[in-house]
Amino acid sequence: MTTIDSGLRDIAEIRSIMERSTKFISLSGFAGIGAGAVALAGTWAAWVMLRADGVELNFGATRMDLQPDTRISLVLLGVGVLVSALSIAWFFSHRLMRKHAEGVHGPVMRQLVLALAVPIVVGAIMTLLMFYHGPLWPVIPSMLVFYGLALFSAGSFTFGEVRTVGVIQILLGLVAALVPEYGLLFWAAGFGGVHIIYGVLFFRKYRQ
């Protein structure tokens, strides 16, 4: 029995070493919870701004329905939410990276960042173009869809649950495009609720 137990431990150790060489394992459930909380706060702030201008998110609303100050404030709010969420994720991930002895400049980390960055950067540019040159209703769906694509792509280099979250974000974005009047609710559900639920479940499963 001792020999069998020792063999199983050796196999588990080998598997762990292989995963560390091909996947980024320093993800934290607390990062998801923190990012979700920031997103919910951002949703509330955006709702206050839109309500102050009397704007309803529907197929007819355009940027011209917003006051110039509100347009700038919404863009700054979006940037602030993104930077805050990324900062929280980096804080918790960096602590785990030191614990797991994962390098910041390793090949897996570079692949993960690239997989995330391309859809997010393209999505951010497209979102800004739509915000300033078209109706408002595609803005929220596009944010959810591009973010979901980024997570789905990054899921190849980290835990499989990330891909599942990506699919959920894409589906929420597509539904939000059908009912734009509920866009903010879907934004809160995707960036807020899904992140918090994922963070809690992830922590319970992996204890990190």
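Residues numbered from 1 in each chain as written. Predicted model: local features only at pLDDT ≥ 70, side-chain atom pairs only at ≥ 80, totals over all residues. Heavy atoms only, no water.

Colleague: Looking at this structure, I do not really get the overall build of the chain. What am I missing?
Modeller: From N to C terminus, the chain includes seven helices and zero strands. Here the chain holds 208 residues, and the buried ones make up 39% of them. Within the chain, contacts between residues at least 6 apart in sequence are counted, and of these 77% link residues at least 24 apart. Approximately 11,900 Å² of the chain is accessible, and the part contributed by carbon and sulfur atoms is 71%. (Helix = DSSP H or I, 4+ residues; strand = E, 2+ residues; numbered from the N terminus. Buried < 20%, exposed > 50% of the residue type's maximum accessible area, 1.4 Å probe, protein only. Contact = heavy atoms within 4.5 Å. Areas by Shrake-Rupley, 256 points an atom, 1.4 Å probe, with all protein chains shown as cover.)

Colleague: Just checking my understanding: could you explain the side chain of threonine 70 for this structure?
Modeller: Within the secondary structure, threonine 70 sits in helix 3 (residues 68-100). If we ignore the near neighbours within four places in the chain, the residues touching threonine 70 are Met49 and Asp53.

Colleague: Explain the environment of glycine 193 here, please?
Modeller: With respect to the helices, strands and loops of the structure, glycine 193 is situated in helix 7 (residues 183-206). Residue glycine 193 is classed as partly exposed on the basis of its relative accessible area, which comes to 23%. Those residues in contact with glycine 193, other than ones at most four positions away along the chain, are Leu40 and Ala188.

Colleague: Would you mind going over a nonpolar patch on the surface with me for this structure?
Modeller: On the surface, Leu114, Val118, Val121, Val122, Ile125, Met126 and Leu129 cluster together to form a nonpolar patch covering roughly 600 Å² of accessible area. Looking at where valine 118 falls in the secondary structure, it is placed in helix 4 (residues 107-133). (Patch = residues over 30% accessible without salt bridge, like charges linked within 9 Å, V, L, I, M, F, W, Y side chains within 5 Å. Salt bridge = Lys/Arg side-chain N within 4 Å of Asp/Glu carboxyl O.)

Colleague: Even after reading the chapter, I still don't get the pattern of salt bridges, so can you show me in this structure?
Modeller: Oppositely charged side chains can pair when the atoms bearing their charge come close. All told, the structure shown has one salt bridge when counted by the stated rule. Lysine 205 serves as the salt-bridge partner of glutamate 161, at 2.8 Å between the closest nitrogen and oxygen. Here glutamate 161, found in helix 6 (residues 161-178), pairs with lysine 205, found in helix 7; they are 44 residues apart in sequence, far enough to count as distant. A residue is classified by how much of its surface remains accessible, and lysine 205, at 55% relative accessible area, is exposed.

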